[in-house]
Number of protein chains: 2
Amino acid sequence: MAPKIKDVAKKAGVSVTTVSRVLNGEKYVKDDLKAKVKRAIDELGYAPSHIARSLVRKKTNLIGVIVPDLTSSFYSTILSSIEETASLNDYNLLVCNIIEDTDKELKYLNVFKEMRVDGIIIMHEKLSDDIRSFINKLDIPVIFSSVRPVDHKFVSVIIDDYEAAYDATRYLIELGHERIAFIGGDMRDITSGQNRYVGYRNALKDHRVRTVNDYIRFGDYKTQSGYNLMKELLACEPRPTALFAVSDDMAVGAMNCIHDHQLKVPDDISIIGFDGSQLTELVRPRLSSMEQPIQDMGKITVDTLIELISDPTFSPREDLILGHKLVVRDSCRAFQTER
Amino acid sequence: MAPKIKDVAKKAGVSVTTVSRVLNGEKYVKDDLKAKVKRAIDELGYAPSHIARSLVRKKTNLIGVIVPDLTSSFYSTILSSIEETASLNDYNLLVCNIIEDTDKELKYLNVFKEMRVDGIIIMHEKLSDDIRSFINKLDIPVIFSSVRPVDHKFVSVIIDDYEAAYDATRYLIELGHERIAFIGGDMRDITSGQNRYVGYRNALKDHRVRTVNDYIRFGDYKTQSGYNLMKELLACEPRPTALFAVSDDMAVGAMNCIHDHQLKVPDDISIIGFDGSQLTELVRPRLSSMEQPIQDMGKITVDTLIELISDPTFSPREDLILGHKLVVRDSCRAFQTER
DNA sequence: TTGAAAGCGCTAACAG
DNA sequence: CTGTTAGCGCTTTCAA
């Protein structure tokens, strides 16, 4: 068995209280005793039990994180940023990868509750009723990152998805495109589904570009769905000359579809993605994208959550809206009348 | 404060023992009492404290995982598989993302020790002396996944990297290539560095293909280094006609470099990658790759670790060697004499 | 400055 | 079947 504080005390010839004191860096311990205790700790290879400490301190330094899909470029990057910030603040991460699995999510939320995690980060917005009511009666701080759920009880760290989608679409319009297709997300999602869609529509409307229903498709943010939907779009007559996809993954899927049909990006079709994930630089042509500040988003999420944890009265009723930024790479070009 | 077992007991009019019994699904509790207890639990929204339970049971159901880079396609996929398997077995994951940061790794290993995690999964092999000695005197089961460290005290779940690299190179040779370049990893790594390199060399030697030192470069497994090294290779005279890169990320970097120099894969240069990550299907042309069974690797890692945990005498002194598989896609073609 | 002892929330003998 | 009680390994009054 691992040595306990009592073993250290015995070996050092002091009381457990004294050991506890040097463990916690309190003063009021004479140097010679302190030295003795430290030696005993080393010799025993003693490490205080975080479990026992948590029990008495009522603080676990654990943060539970719910990620929709670890293998997505966007989420793995934001998680990486979350992990870094948490670690810097001496918090550890309990990670749950739910893959559209509501039962698993509920089970994990329950684990988080049993574990008495100090805070919870949730990164998807399609909350089932069970889950909604569960987190509503939870007395653990919850924060949403990159999404905002419908009922506005919790803080979210997000960008203005409407504006971002509007700006992305406008970019295409300003390049002279008039047949602009849209590959959207799940319309049950407010932020990444509805807001981005409305941003697209309004940009068209405000600039008097015709909205063609056939040019509008919805998918699940993943590469494969981008690919499939692009295939449908290629069958349209006339073909769109530009595409706005609401995730980089879908944009890449669309690019691949276009490539597989012997067409060229951006010569035949211009594409703009959304997220600003690492993928944008990995593909050829490099993907222009409406970037979310992924790193900042992760950091600010954790920083805010930690404030929430340490000061329960602190409660920014406002969401934290971060800035978006269009990053132009090589996947779009000005539209020219066909020759 | 969260309700405790005592509150439930009071509310249900029974002793804490009885509550504990229904919590743990023991028989020997009359149905009516059981019902009462369950109702009390519901009304209070009670969830047993995992902390307190762990303290008395001496089992945390926690697995600590050390990942080199969460954003890499390979590691995020294997982590995803690890998470799934762990979850299925009621284990939770404490995740540490070390980014070549030895201090952070040591700090986390210490956290794992303090947390009294039941087991530890490590996915990199460049162990510092501190870390080596730390895990050697740790009395928590440790397992390595996708790598094997030099001192062979722990179990590893890996493929035969030597054979895999040999087979990948032979594939290129059989396609008729004679100027085959190599982009390797870190030679301080046994599995992914040395073994893959020697596999490459021996394949050339066994098939009487000339080894050209200029065609051999080493990087850090990442896209950028693949890009940079390919740039150097393109400057060679004569240029290699094929490339074996020991990670898909580096292979994609090389592909991009080739593309940016107005050359074509596979027409000008054939490329084969290593890992079989999701990237292979994301790029164009699709990347042929020597695949590791990533999903299985994650699953087997966790399954084996759980055996190690539940039966300390159980100790497969042998590593678990999984099969590799060449998956041919579109990035290689037969070599034809230049016209 | 130091130590004894009372919990933190739960499980597990041991009685009844 | 059910309840009493003694810890699990630590922190924290309260005294000395």
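Bear in mind that the values here come from a model prediction, so they are computed numbers and not experimental data.

Help me understand empty space enclosed by the protein in this model?
Any empty space left between atoms is shown by rolling a water-sized probe over those atoms. Counted under the stated rule, the structure contains 1 cavity of 30 Å³ or more. Every residue lining the largest cavity is listed: H50, I51, S54, T60, L62 and M115 of chain A together with H50, I51, S54, L62 and M115 of chain B. Within the residue set of the lining of the largest cavity, elements represented by two or more residues are α4 (50-57) of chain A together with α4 (50-57) of chain B. Counted by class, the lining of the largest cavity contains 6 nonpolar, 5 polar and no charged residues.

For this particular structure, what's the right way to read the protein's contact with DNA strand D?
Lining the immediate surroundings of DNA strand D are 24 residues, of which K4, I5 and Y46 of chain A together with T17 and T18 of chain B lie closest. At the protein interface, 66% of the atoms of DNA strand D within 4 Å belong to sugar or phosphate. I5 of chain A places a main-chain nitrogen or oxygen 2.3 Å from a phosphate oxygen of DNA strand D. Side-chain polar atom of R21 of chain B to a base oxygen of DNA strand D: 2.7 Å apart, as the coordinates give it. Within the residue set of the surface near DNA strand D, elements represented by two or more residues are α2 (16-23) and α4 of chain A together with α2 (16-23) and α4 of chain B. Classifying every residue of the surface near DNA strand D by side-chain character gives 11 nonpolar, 7 polar and 6 charged.

Teacher, can you tell me more about the relation of the copies chain A and chain B here?
Relating the two copies of this chain is a rotation about some axis coupled with a shift parallel to it. If you rotate chain A by 180° and push it 0.1 Å along the axis, it lands on chain B with an RMSD of 0.1 Å. Interpreted geometrically, this transformation is the action of a two-fold axis. When each C-alpha of chain A is compared by its distance to the rotation axis, L94 of chain A comes out closest, at 2.4 Å. Both copies contact each other with a shared surface, as 100% of the interface residues of chain A are interface residues in chain B too.

Would you explain the packing of aromatic side chains in this entry?
By convention here, two paired aromatic rings are described through the distance between centres and the angle between planes. Residues and elements named next belong to chain A. A complete count under the given rule lists 20 aromatic pairs over all chains for this structure. Taking the centre distance of 5.2 Å and the plane angle of 75° together, the rings of F74 and Y75 count as edge-to-face. Chaining the aromatic ring pairs together yields one cluster made of F182, Y197, Y200, F218, F244 and F274.

When you look at the environment of D275 of chain A in this model, what are you seeing that I'm missing?
Residues and elements named next belong to chain A. Tracing the sequence through the fold places D275 in strand β9 (residues 270-275). Judged by relative accessible area, D275 falls into the buried class, the value being 8%. Residues D275 and D186, spaced 89 residues apart in sequence, show a C-alpha to C-alpha distance of 16 Å. Among the polar contacts made by the side chain of D275, one reaches the side chain of Q292 at a distance of 3.0 Å.

Please clarify how the pattern of salt bridges should be interpreted in this entry.
Close approach of charged atoms allows side chains with opposite charge to pair. Evaluated as defined, the whole model comprises 42 salt bridges over all chains. Here R284 of chain B makes a salt bridge to D260 of chain A, at a shortest N to O gap of 2.9 Å. With one member in each of two chains, R284 of chain B in the loop between α12 (279-282) and β10 (288-291) and D260 of chain A in helix α11 (residues 248-260) form a pair that bridges those chains. Judged by its relative accessible area of 29%, D260 of chain A is partly exposed. With its nearest N and O atoms 2.9 Å apart, the salt bridge here joins E291 of chain A to R329 of chain A.

Can you help me understand the sheet that holds β9 of chain A in this one?
Pairing between the strands of a sheet comes from backbone hydrogen bonds, and it takes one of two forms, parallel or antiparallel. Residue and element names in this part refer to chain A. Taken together, the 6 strands give an open sheet; going across it, the order is β7-β6-β8-β9-β10-β12, and neighbouring strands pair in mixed fashion. The two strands at the open ends of the sheet, each matched to only one other strand, are β7 (216-218) and β12 (325-327). Sheet twist, expressed as the mean angle between neighbouring strand axes with direction ignored, is 15°. In terms of strand pairing, strand β10 (residues 288-291) meets β12 through 3 bridges, oriented antiparallel. Bridge pairing in β12 links E291 to K325. Most of the contacts of helix α10 (residues 223-234) go to strand β6 (residues 180-184), to which it runs at about 150°, and overall it touches β6, β7 and β8 (242-245).

Can you walk me through the sheet that holds strand β2 (residues 92-97) of chain A in this structure?
Overall, mixed pairing links the 12 strands, which are arranged β11(A)-β5(A)-β4(A)-β3(A)-β1(A)-β2(A)-β2(B)-β1(B)-β3(B)-β4(B)-β5(B)-β11(B) in an open sheet. Unpaired on one side and paired on the other, β11 (320-322) of chain A together with β11 (320-322) of chain B mark the two borders of the sheet. Pairs of neighbouring strands in the sheet enclose a mean axial angle of 20°, with direction left out of account. Relative to β2 of chain A, strand β1 (residues 62-67) of chain A is paired through 6 bridges, and the arrangement is parallel. Note on β2 of chain A: the bridge partner recorded for I63 of chain A is L93 of chain A. Contacts from helix α6 (residues 102-115) of chain B reach β1 and β2 of chain A together with β1 (62-67), β2 (92-97) and β3 (119-122) of chain B, with the element oriented near 160° to β2 of chain B.

Can you walk me through the pairing of strand β4 (residues 142-145) of chain B in this structure?
Residues in a regular strand point their side chains to alternate faces of the sheet. Residue and element names in this part refer to chain B. Residue alternation in β4 divides its side chains into two sets, V142 and F144 and I143 and S145, and both sets are buried. The parallel pair β3 and β4, bridged by helix α7 (residues 129-136), forms a crossover whose chirality is right-handed. Here β4 pairs with strand β5 (residues 155-159) via 3 bridges, running parallel. Within β5, the residue paired with F144 across the bridge is S156.

Can you help me understand the protein's contact with DNA strand C in this one?
If you check the shell around DNA strand C, you find 26 residues, and the closest are T18 of chain A together with K4, I5, Y46 and R53 of chain B. When atoms of DNA strand C within 4 Å of the protein are sorted by moiety, sugar and phosphate together comprise 64%. A distance of 3.0 Å separates a phosphate oxygen of DNA strand C from a polar backbone atom of S49 of chain B. One of the side-chain nitrogen or oxygen atoms of R53 of chain B is found 2.6 Å away from a phosphate oxygen of DNA strand C. Element by element, the count of residues in the surface near DNA strand C is highest for α4 of chain B, at 5 residues.

Cut-off values and rules
- Residues numbered from 1 in each chain as written.
- Chains lettered and ligands numbered in written order.
- Predicted model: local features only at pLDDT ≥ 70, side-chain atom pairs only at ≥ 80, totals over all residues.
- Heavy atoms only, no water.
- 1 Å grid on protein atoms, 1.4 Å probe; cavity = no way out; pocket = protein on both sides within 12 Å on 5 of 7 lines; lining within 4 Å.
- Points joined across faces, edges and corners; volume = space filled by probe spheres on them.
- Helix = DSSP H or I, 4+ residues; strand = E, 2+ residues; numbered from the N terminus.
- Nonpolar A, V, L, I, M, F, W, Y, C, P; charged D, E, K, R; others polar.
- Near = heavy atom within 4 Å.
- Polar contact = N/O pair within 3.5 Å; in protein donor to acceptor, adjacent residues only side chain to side chain.
- Least-squares fit on C-alpha atoms with pLDDT ≥ 70 in both.
- Contact = heavy atoms within 4.5 Å.
- Phe/Tyr/Trp six-rings, centres within 6.5 Å; stacked < 30°, edge-to-face > 60°.
- Buried < 20%, exposed > 50% of the residue type's maximum accessible area, 1.4 Å probe, protein only.
- Salt bridge = Lys/Arg side-chain N within 4 Å of Asp/Glu carboxyl O.
- Pairing = 2+ DSSP bridges.
- Axes fitted to C-alpha atoms, helices over the stretch in contact; angles between N-to-C directions.
- Right-handed = clockwise from strand over helix to strand, strands pointing away.

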